[in-house]
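# Inside the fold
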Amino acid sequence: MTEKFTELVFATKNKNKLSEVKKMLENSGIEVQGIEGEFSPEESGDTFEQNAYIKAFEAAKITNLPALADDSGLVVQALNGRPGVYSSRYEKTDEKRNNKLLQELKDVSAEKRSAKFVCSMVIVSSEGEKLFSVTETCEGKIAFSPSGGHGFGYDPVFYLPEKNATMAELTMEEKNKISHRGKALRKTVEWLICGRNI
Ligand code: IMP
């Protein structure tokens, strides 16, 4: 049976992610707090879900509260799934990461440039029991050059054929509707509000 809880810690240092979750859980009876102080658990998992679990469990241990964490990245088919869970460690800056990716794919044709963003979200109890997990994707292709000024990370090189635009050319609202993180977050919030034992 799922424990009933009214407080949740979100294992992130990202203020935007925190305020987004707080906003979606307004009036839900669940108070969300961020993680204070030093927090840098080793993301040693082989999958996004494992890394999200590692972060959530670490936050639960520190705060003695149920914890939510996410982990995401870019999976490129022609690179056998790289950079994957190493997306943030692939190079030192967003610009370098995007240049390296374009360089690695320089001889790959348009048809073979399929890629997806993946996001896993996990909720653990204060004891570290996995209560909920979800993994969502957003499918696209790696462009031949960067374009667009919105978003972050790999957005300028992530091309969405059905929008005829890169992710960085979408507004934040447009991105949230289709993104891996937006989809995972909506399912997580749905579970928090309706799915758990209340
Ligand atoms: P994290 O899970 O927020 O730590 O994201 C890991 C890395 O994946 C980021 O540093 C980005 O390089 C990449 N990434 C994750 N989500 C996105 C996205 O929505 N757009 C672009 N890059 C992303």
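Heads up: these notes are all about the structure in this document.

### Structural notes on the overall build of the chain
A tally of regular secondary structure across the chain gives 5 helices and 7 strands. Mapped from its N terminus to its C terminus, the chain presents α and β elements in the order β-α-β-α-β-α-β-β-β-β-α-α. For the chain, whose C-alpha radius of gyration is 17 Å, the value lies close to the compact-globule estimate of 16 Å for 198 residues. Seen along its three principal axes, the alpha-carbon backbone of the chain occupies a region of about 55 × 30 × 30 Å.

### Looking at the site of the ligand
The immediate surroundings of the ligand are formed by 14 residues, with Lys17, Ser72, Asp155, Lys175 and Arg181 found nearest. For the ligand, an oxygen atom lies 2.9 Å from a polar atom in the side chain of Lys17. Tyr154 places a main-chain nitrogen or oxygen 3.1 Å from a nitrogen atom of the ligand. According to the grid-proximity analysis, the pocket containing the ligand is the largest pocket. Within the residue set of the shell around the ligand, elements represented by two or more residues are strand S3 (67-76) and helix H5 (180-195). Ranked by residue count, the leading element in the shell around the ligand is S3, at 3 residues. Split by residue class, the shell around the ligand holds 3 nonpolar, 6 polar and 5 charged.

### A closer look at the sheet that holds S3
An order of S2-S1-S3-S4-S5-S6-S7 is seen for the 7 strands of this open sheet, with the pairing classed as mixed. A strand with exactly one partner marks an edge of an open sheet, and here the two such strands are strand S2 (31-33) and strand S7 (165-166). Pairing of strand S5 (residues 130-142) with strand S6 (residues 158-160) involves 2 bridges; the strand directions are antiparallel. Note on S6: the bridge partner recorded for Ile142 is Phe158. On top of the sheet, helix H2 (residues 48-63) reaches strand S1 (7-10), S3, strand S4 (114-124) and S5; it is set at about 155 degrees to S3, its chief contact.

### Notes on the layout of surface pockets
Computed from the structure, the largest pocket encloses a volume of approximately 1,100 Å³. Asn14, Lys17, Ser72, Phe152 and Arg181 are, among the 42 residues lining the largest pocket, the residues nearest its centre. Breaking the lining of the largest pocket down by element, the ones donating at least two residues are helix H1 (15-24), H2, S3, helix H3 (94-104), helix H4 (172-178) and H5. Partitioned by chemical class, the residues of the lining of the largest pocket number 11 nonpolar, 18 polar and 13 charged. Empty space within the second largest pocket amounts to approximately 150 Å³. If you go around the second largest pocket, the residues you meet are Thr12, Lys13, Asn14, Lys15, Leu18, Gln33, Gly34, Ile35 and Glu36.

### Considerations on H5
Looking at H5, one finds that the buried residues are His180, Arg181, Gly182, Ala184, Leu185, Thr188, Val189, Trp191 and Leu192. In the core, the buried residues of H5 are packed alongside S1, H1, S3, S4, S5 and H4.

### Quick notes on H2
Over its 16 residues, H2 runs 23 Å from end to end, which matches the ideal 22 Å to within 8%, given 1.5 Å per residue. The set of residues buried in H2 consists of Phe48, Asn51, Ala52, Lys55, Ala56, Ala59 and Ala60. Close packing links the buried residues of H2 with S1, S3 and S4.

Conventions we followed
- Residues numbered from 1 in each chain as written.
- Predicted model: local features only at pLDDT ≥ 70, side-chain atom pairs only at ≥ 80, totals over all residues.
- Heavy atoms only, no water.
- Helix = DSSP H or I, 4+ residues; strand = E, 2+ residues; numbered from the N terminus.
- Rg over C-alpha atoms; globule rule 2.2 N^0.38 Å.
- Near = heavy atom within 4 Å.
- Polar contact = N/O pair within 3.5 Å; in protein donor to acceptor, adjacent residues only side chain to side chain.
- 1 Å grid on protein atoms, 1.4 Å probe; cavity = no way out; pocket = protein on both sides within 12 Å on 5 of 7 lines; lining within 4 Å.
- Sits in = over half its atoms within 2 Å of the grid points.
- Nonpolar A, V, L, I, M, F, W, Y, C, P; charged D, E, K, R; others polar.
- Pairing = 2+ DSSP bridges.
- Contact = heavy atoms within 4.5 Å.
- Axes fitted to C-alpha atoms, helices over the stretch in contact; angles between N-to-C directions.
- Points joined across faces, edges and corners; volume = space filled by probe spheres on them.
- Buried < 20%, exposed > 50% of the residue type's maximum accessible area, 1.4 Å probe, protein only.
- Expected span 1.5 Å × (residues − 1).

Keep in mind these values describe shape, not function.
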